Amino acid sequence: MNDTPINGTADAVGDVAATMTGFARTLRAAGVAADHERTRNLMQALDHLDVTDSGEVYWAGRFTLCATPDDLPRYDRCFAAYFGGQKAAVARTSTTSVTRHLAAQGDGADGDDGSAAPATASRTEVLRHRDVARLTDAERAEVHRMLAMLKSGRARRRSRRFESAHRGALDQRRTIRDALRKGEVARLRHRRHTTRPRMVVLFVDVSGSMAPYAETLLRFAHALVRSEPRATRVYSVGTRLTSITAELRHRDPGTALNEVSRAVPDWSGGTRLGEELREYLARYSARGAMAVIASDGWERGDPELLGTQMARLSRQAHRVIWVNPHKGYEDYQPLTGGMRAALPYLDELVAGHSLAAYEQLSERLAHA
């Protein structure tokens, strides 16, 4: 890059963290692996550089935020678009001369002429909070790219297994075994319980009333399965209960959703959640798990049956969270028969209409 200051950066040195965090979000939306750890590395590098020098910022970001050669052209396009629409010029270092030109390849974020479309932190932030049912196809694709990069943590629970420890309960077997081998008790051995990720059981409503949100919810489910494949179970609910965990284990989100599309027989039908929860609880167990139900509560079955099954589920599960897309609006009231029947047995009723809502749900699952 040339050595002219980045537009506006010299007047906002005190806001470098916010600026570069927004840039990292733009990169993630474009498919660059600029995760939180890489962003922290960038901020540490900038502590030792002149943030008003576009060349130094460019190379600091290039070295810390890019993970593969495929990230480089995307990085160049995003850098030029984010910091004023400049093209990447010839950059020279002590050992190499690299030329990067924009508009080399088409991208979902590019204009028709191959030039980079302006992408700012404010635009990305607005997109995070918009209702996915009201997004354009391009905006929805951008939200789906960000969901694919969502790293969902998971609360942990104590398991029955033990591991060696420096302190804790006395491990009598190992202590005695060492004593028999050495002829004396030379050292006391200790042990502690291991931990494992808490199971999440996610029910995704694929009925007609949930059609505007179903794909985005399934992409969120894909991110959960990819993050904790052994501690996530996903079922579609509509007129019948269908396990789709195996289909969502595919690495590519598009391929995974194609597999789900073939596996689910009751797209855009009605919702009989009470009957499906009864079937699930008869065949499986949610003991100790976090049960998450993503539905708008338009129950076509018997609300009394739904209430009975929700009571059973709440007795088994560690927590029961209901995700309702309409909860994101201030005037929402849980007036449908399904929501009124389920409400007494919920630990939380949360929104499920935007990327920000899914990020908040992911945080809940990480700390519940």
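Presented here is an overview of the structure given in this document. (Residues numbered from 1 in each chain as written. Predicted model: local features only at pLDDT ≥ 70, side-chain atom pairs only at ≥ 80, totals over all residues. Heavy atoms only, no water.)

Read across the sheet, six strands follow the order 8-7-6-9-10-11 without closing on themselves; strand pairing throughout is mixed. Two strands in the sheet have a free side with no partner beyond their single neighbour: strand 8 (242-243) and strand 11 (348-351). Here strand 6 (residues 200-205) runs beside strand 7 (residues 232-237); their pairing, made up of six bridges, is parallel. Residue pairing in the sheet places Asp205 in a bridge with Val237 of strand 7. Contacts between helix 12 (residues 303-316) and the sheet are confined to strand 9 (290-294) and strand 10 (319-324), with strand 10 contributing the most and set at about 130° to the helix. (Pairing = 2+ DSSP bridges. Helix = DSSP H or I, 4+ residues; strand = E, 2+ residues; numbered from the N terminus. Contact = heavy atoms within 4.5 Å. Axes fitted to C-alpha atoms, helices over the stretch in contact; angles between N-to-C directions.)

Here we come to the environment of Val234. Here Val234 shows up in strand 7. Since its relative accessible area comes to 0%, Val234 is described here as buried. Counting along the chain gives 16 residues from Val234 to Leu218, while the straight-line C-alpha distance between them is 9.0 Å. (Buried < 20%, exposed > 50% of the residue type's maximum accessible area, 1.4 Å probe, protein only.)

What follows concerns the packing of helix 2 (residues 36-46) against helix 3 (residues 54-65). Put simply, helix 2 and helix 3 touch, their axes get as near as 9 Å, and they point 145° apart. Of the two elements, helix 2 crosses helix 3, and the hand of that crossing is right-handed. Here Arg38, Thr39, Asn41, Leu42, Ala45 and Leu46 of helix 2 lie close against helix 3, whose contacting residues are Val57, Ala60, Gly61, Thr64 and Leu65. Of the residues assigned to the contact of helix 2 with helix 3, the class counts are six nonpolar, four polar and one charged. (Left-handed = near helix turned anticlockwise from the far one by under 90°. Nonpolar A, V, L, I, M, F, W, Y, C, P; charged D, E, K, R; others polar.)

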